[in-house]
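Here is how the chains run, residue by residue.
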Amino acid sequence: MIEPVYSPANDRYTCGMKYRRAGKSGICLPEISLGLWHNFGDVDTLANGKRILFCAFDRGITHFDLANNYGPSYGSAEETFGQVMKSSFLPYRDELFISTKAGHDMWEGPYGNWGSRKHLMASLDQSLKRMNLDYVDIFYSHRYDPETPLEETMQALVDIVRQGKALYVGLSKYPEEVAGKAYSYLRAHDVPCLLYQGRYSLLVREPERQGILAQAKANGAGFIAFSPLAEGLLTNRYLNGIPEDSRIARGGHLKKEALTDEMLHKLWSLNAVAGKRGQSLAEMALAWLLKDDSVTSVIIGASSVKQLEDNLKALDNTHFSEEELREIEEVLK
Ligand SMILES: NC(=O)c1ccc[n+]([C@@H]2O[C@H](COP(=O)([O-])OP(=O)(O)OC[C@H]3O[C@@H](n4cnc5c(N)ncnc54)[C@H](OP(=O)(O)O)[C@@H]3O)[C@@H](O)[C@H]2O)c1
């Protein structure tokens, strides 16, 4: 059967998505971005992946977040995205903001991992081929490499921009004390860091507590939150057990050990607060992050169009009363 040609929704920029400026840059990103870490690999169903990607773009999600090793298998999420790029998204390339990263294990041998110039440059070349792209919009150093001089990693990012293979660069999961030096290096070389990407959710508060959010702002960078739903914990997914098709049951990054009685108690209590706000737990968890304007965007994952659509409802109410915030902190204490 010949597939119909994808044609994006005409109202994609008027249907409710809002865009926020990334730090002191020219770039605005959708408040909700879509990540392809899980659900887009060669173990997943291509048709489902396509439906999620199309729905996202139809609803104003212009930012898609990838990395060299997303899958499984490694590289296969980029291949999936590359297929969709070729078959459907190519006419809209200039409406899309696409990221990739290097720095975690990708291929065998001494150059397939970490922060060397060799790894970053080779990995990005591979990623561009897999994604059928000439350039990415942002390329990240996926994690700090304590064994490689920071200057080597940062200079590779600078040179990648000079080569035209990425328009902007970003840092992911860098400790606060190293991030400060990285921001300075990049700024001094006229390639300011666009985004700091960090794990942040109701359950993971390090970016606030370790000063990462404030530091990004002070350095003119945006902050983009990953795993904002704590990989599914902050949704109704596990409130009544472990569904067969869930990340935990499928052997994803989230493990069943995370579901302690204490955690379940917290999730049920948060779910009750969300209910009083007229939101699902997932909606409230996303809204809670977006209440802070130093968060540029939240990168969600979704295994179905329904999850994506549910999560987009978070944008209807990102305001919290003092009382609601107190109640949430009380639960998380
Ligand atoms: N920089 C880094 O090191 C790093 C690390 C991790 C992630 N990331 C980025 O962040 C993105 C998001 O990470 P994540 O997938 O962990 O994000 P997440 O949004 O915290 O979790 C996504 C998972 O939650 C469940 N879910 C989502 N919406 C739901 C809903 N409405 N109802 C019920 N369940 C729902 C789904 O799990 P099921 O599959 O069980 O349905 C989904 O796969 C990644 O794709 C990646 O781009 C970056």
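Going by the annotation in an unreviewed UniProt entry, the name recorded for the protein is NADP-dependent oxidoreductase domain, with Phocaeicola salanitronis given as the source organism. Recorded in UniProt under Sequence similarities (unreviewed entry), the annotation for the protein is "Belongs to the shaker potassium channel beta subunit family."

Undergrad: Got a minute to help me understand the overall build of the protein in this structure?
TA: Along the backbone of the protein there are 11 helices and 10 strands. For the protein, the C-alpha radius of gyration of 19 Å lies close to 20 Å, the compact-globule estimate for 333 residues. Expressed along its principal axes, the backbone C-alpha trace of the protein runs to roughly 55 × 50 × 40 Å. Residues counted as buried form 56% of the 333 residues belonging to the protein. Within the protein, contacts between residues at least 6 apart in sequence are counted, and of these 75% link residues at least 24 apart. For the protein, the exposed area adds up to about 14800 Å²; of that, 51% sits on carbon and sulfur atoms. If the 38 positive side-chain charges of the protein are averaged to one point and the 44 negative ones to another, these points end up 1 Å apart.

Undergrad: Could you clarify how one ought to interpret the site of the ligand in this entry?
TA: With respect to spatial proximity, 31 residues lie near the ligand, and among them Asp65, Lys173, Ser227, Arg247 and Ser303 are the closest. Here a nitrogen atom of the ligand and a side-chain polar atom of serine 172 are 2.9 Å apart. Here the ligand, which alone exposes 920 Å², has 96% of that area covered by the protein. When contributions to the shell around the ligand are tallied by element, the ones reaching two or more residues are β10 (295–300) and α10 (305–312). In terms of residues, the shell around the ligand owes the most to one element, α10, which gives 3 residues. In the shell around the ligand, the residues fall into 10 nonpolar, 14 polar and 7 charged.

Undergrad: Looking at this structure, how should I read the UniProt feature "domain: NADP-dependent oxidoreductase" (unreviewed entry) in the protein?
TA: The sites that UniProt annotates as "domain: NADP-dependent oxidoreductase" (unreviewed entry) are residues 31–332. This span, residues 31–332, is 41% helix and 15% strand, and a straight line between its end C-alpha atoms measures 25 Å.

Undergrad: What is the right way to look at the pairing of strand β5 (residues 97–102) in this model?
TA: On any regular strand, side chains alternate: one points to one face of the sheet, the next to the other face. Burial analysis of β5 places 6 of its 6 residues in the buried class, the great majority of the element. Of the two faces of β5, the one holding Phe97, Ser99 and Lys101 and the one holding Ile98, Thr100 and Ala102 are both buried throughout. Where strand β4 (residues 63–65) and β5 come together, 3 bridges link them in parallel fashion. Its bridge partner being in β5, histidine 63 is matched across the sheet by phenylalanine 97.

Undergrad: What am I meant to see in the pairing of strand β7 (residues 166–172) here?
TA: Most of β7 sits inside the fold, with 5 of its 7 residues counted as buried. Examined bridge by bridge, strand β6 (residues 136–141) and β7 share 5 bridges and lie parallel to one another. Across the sheet, isoleucine 138 pairs through a bridge with tyrosine 168, a residue of β7. Handedness of the β6-helix α4 (residues 150–162)-β7 crossover: right-handed.

Undergrad: I would appreciate a short explanation of the packing of α4 against helix α5 (residues 176–188) in the present structure.
TA: Contact geometry for α4 and α5: axes closest at 10 Å, N-to-C directions at 45°. With respect to α5, the axis of α4 lies oblique. For the element pair α4 and α5, the recorded crossing hand is right-handed. Along the contact surface, α4 presents Leu150, Glu151, Met154, Gln155, Leu157 and Val158, while α5 presents Val178, Lys181, Ala182, Tyr185 and Leu186. For the contact of α4 with α5, a count of residues per class yields 8 nonpolar, 1 polar and 2 charged.

Undergrad: Mind showing me how you'd approach the side chain of serine 127 here?
TA: The residue serine 127 is located in helix α3 (residues 117–131) in this model. Polar side-chain contacts of serine 127 include one of 2.9 Å to the side chain of glutamate 78.

Undergrad: What is the right way to look at unusual backbone geometry in this model?
TA: Put simply, glycine 71 and proline 72 share a cis peptide bond, and its omega is -15°. The amide bond that connects proline 72 to the next residue, serine 73, takes the cis arrangement and shows omega of -5°. The residue serine 73 is located in the loop between β4 and α2 (76–89) in this model. Not every positive phi belongs to a glycine, and asparagine 132 is a case in point at roughly 55°. The exposure class assigned to asparagine 132 is partly exposed, which follows from its relative accessible area of 37%. The phi dihedral of glutamate 231 falls on the positive side, at around 65°, and the residue is not glycine.

Undergrad: How do you make sense of α4 when you look at a structure like this?
TA: Taking 1.5 Å of rise per residue, the 13 residues of α4 would be expected to cover 18 Å, and the 18 Å separating its terminal C-alpha atoms lies within 8% of that figure. Residues Leu150, Thr153, Met154, Ala156, Leu157, Val158, Asp159, Ile160 and Val161 constitute the buried set of α4. On its buried face, α4 is in contact with α3, β6, β7 and α5.

Cut-offs used in this document
- Residues numbered from 1 in each chain as written.
- Predicted model: local features only at pLDDT ≥ 70, side-chain atom pairs only at ≥ 80, totals over all residues.
- Heavy atoms only, no water.
- UniProt positions renumbered as here; feature names shortened; annotations may be inferred.
- Helix = DSSP H or I, 4+ residues; strand = E, 2+ residues; numbered from the N terminus.
- Rg over C-alpha atoms; globule rule 2.2 N^0.38 Å.
- Buried < 20%, exposed > 50% of the residue type's maximum accessible area, 1.4 Å probe, protein only.
- Contact = heavy atoms within 4.5 Å.
- Areas by Shrake-Rupley, 256 points an atom, 1.4 Å probe, with all protein chains shown as cover.
- Lys, Arg positive; Asp, Glu negative; His and termini not counted.
- Charge placed at Lys NZ, Arg CZ, Asp CG, Glu CD.
- Near = heavy atom within 4 Å.
- Polar contact = N/O pair within 3.5 Å; in protein donor to acceptor, adjacent residues only side chain to side chain.
- Nonpolar A, V, L, I, M, F, W, Y, C, P; charged D, E, K, R; others polar.
- Pairing = 2+ DSSP bridges.
- Right-handed = clockwise from strand over helix to strand, strands pointing away.
- Axes fitted to C-alpha atoms, helices over the stretch in contact; angles between N-to-C directions.
- Parallel < 35°, antiparallel > 145°, perpendicular 65-115°, else oblique.
- Left-handed = near helix turned anticlockwise from the far one by under 90°.
- Expected span 1.5 Å × (residues − 1).

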